[in-house]
Amino acid sequence: MIRRPVAVMTAVVLFVEGLGIAAVQWLLGTVVDRQEMSLAGLDSDAMSVSTKAGGVLFGLYFVFCGVVALLVALRNRPAAGLGRILLISAAVVHGLLGALTVGLVGWGAFAFMMVVLGLVLLTLLTYDRQDGVADAVPGGSGGPDGRGGPEGDTATVGGPERAAPAVPPAPSAS
């Protein structure tokens, strides 16, 4: 299917993006440090260190989201718990960054952000939780139709082969 390649591509893009953001922020921090200028009385060393630290943290965030996407691809199961929350937050961040980059950088950056947003959303949505419904119902297949509905409810001890036979209705006294 398409699920694993999309998850692997999402992981690779998030790794590259995380390293790129950390590198750009590090470069900006170095530029601020070398200029020895003050912005509204702020110390240039504090601005440089905070820019570098923020870039490294933001880069690690994207790398960690990439690790989650790679684990989704390797396990061939949807992300759960913190991993799912991280991927959802990465989708939200890319949507917001896409909206900001249109005005600040241009349509090319917007297109890149939307591609990454699409990859993260595909990774989240192609692994829907309905794949494991038949396995979650006691008794195996979940009933004769495989859906686990009331017509196939065989949740007795021992499964369907040990279910008690149906008792015929009592004759009516008419």
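Because the structure is a prediction, the values reported are computed rather than measured. (Residues numbered from 1 in each chain as written. Predicted model: local features only at pLDDT ≥ 70, side-chain atom pairs only at ≥ 80, totals over all residues. Heavy atoms only, no water.)

A.B. asks: What exactly am I supposed to notice about the packing of aromatic side chains here?
C.D. replies: We describe a pair of aromatic rings using the distance from one ring centre to the other and the angle between the two ring planes. Tallying each qualifying case throughout the model produces four aromatic pairs. Seen from their ring centres, Tyr61 and Phe62 are 5.3 Å apart, and the 50° between their planes marks the pair as tilted. By relative accessible area, Phe62 is classed as buried at 0%. Here Trp107 and Phe110 contribute two aromatic rings whose centre-to-centre distance is 5.4 Å and whose plane-to-plane angle is 85°, an arrangement assigned as edge-to-face. On the criterion of helical spacing, the pair formed by Trp107 and Phe110 is a turn pair, its members being three residues apart in helix H4 (residues 107-126). Every member of this aromatic cluster is reached through a ring pair, and the members are Phe58, Tyr61 and Phe62. Just above the ring of Trp26 sits the side chain of Lys52; from NZ or CZ to the centre is 4.8 Å. (Phe/Tyr/Trp six-rings, centres within 6.5 Å; stacked < 30°, edge-to-face > 60°. Buried < 20%, exposed > 50% of the residue type's maximum accessible area, 1.4 Å probe, protein only. Helix = DSSP H or I, 4+ residues; strand = E, 2+ residues; numbered from the N terminus. Lys NZ or Arg CZ within 6 Å of the ring centre and 35° of its normal.)

A.B. asks: In this structure, what is going on with the nonpolar core? I would like to understand it.
C.D. replies: When a protein is soluble and globular, its nonpolar side chains tend to lie buried together. With 23 residues, the main nonpolar core has Leu14, Leu87 and Val120 as its most contacted residues. Those elements that place two or more of their residues in this core are helix H1 (3-35), helix H2 (44-75), helix H3 (82-104) and H4. (Core = buried A, V, L, I, M, F, W, Y, C linked by side-chain atoms within 4.5 Å.)

A.B. asks: What is the right way to look at H4 in this model?
C.D. replies: A turn of α-helix holds 3.6 residues, and therefore any two residues three or four places apart point the same way. For H4, with 20 residues, the first-to-last C-alpha span of 28 Å sits near the 28 Å given by 1.5 Å per residue. All of the buried residues in H4 are Met113, Val116, Leu117, Leu119, Val120, Thr123 and Leu124. Down the axis of H4, the buried side of the element spans an arc of 155°, and every buried residue falls inside it. Exposed residues on H4 whose side chains face more than 90 degrees from its buried face are Trp107, Gly108, Val115 and Leu125. Tucked into the core, H4 has its buried residues touching H1, H2 and H3. (Expected span 1.5 Å × (residues − 1). Arc of directions from axis to C-beta. Contact = heavy atoms within 4.5 Å.)

Everything listed here is a matter of coordinates, which is why it stays silent on function.
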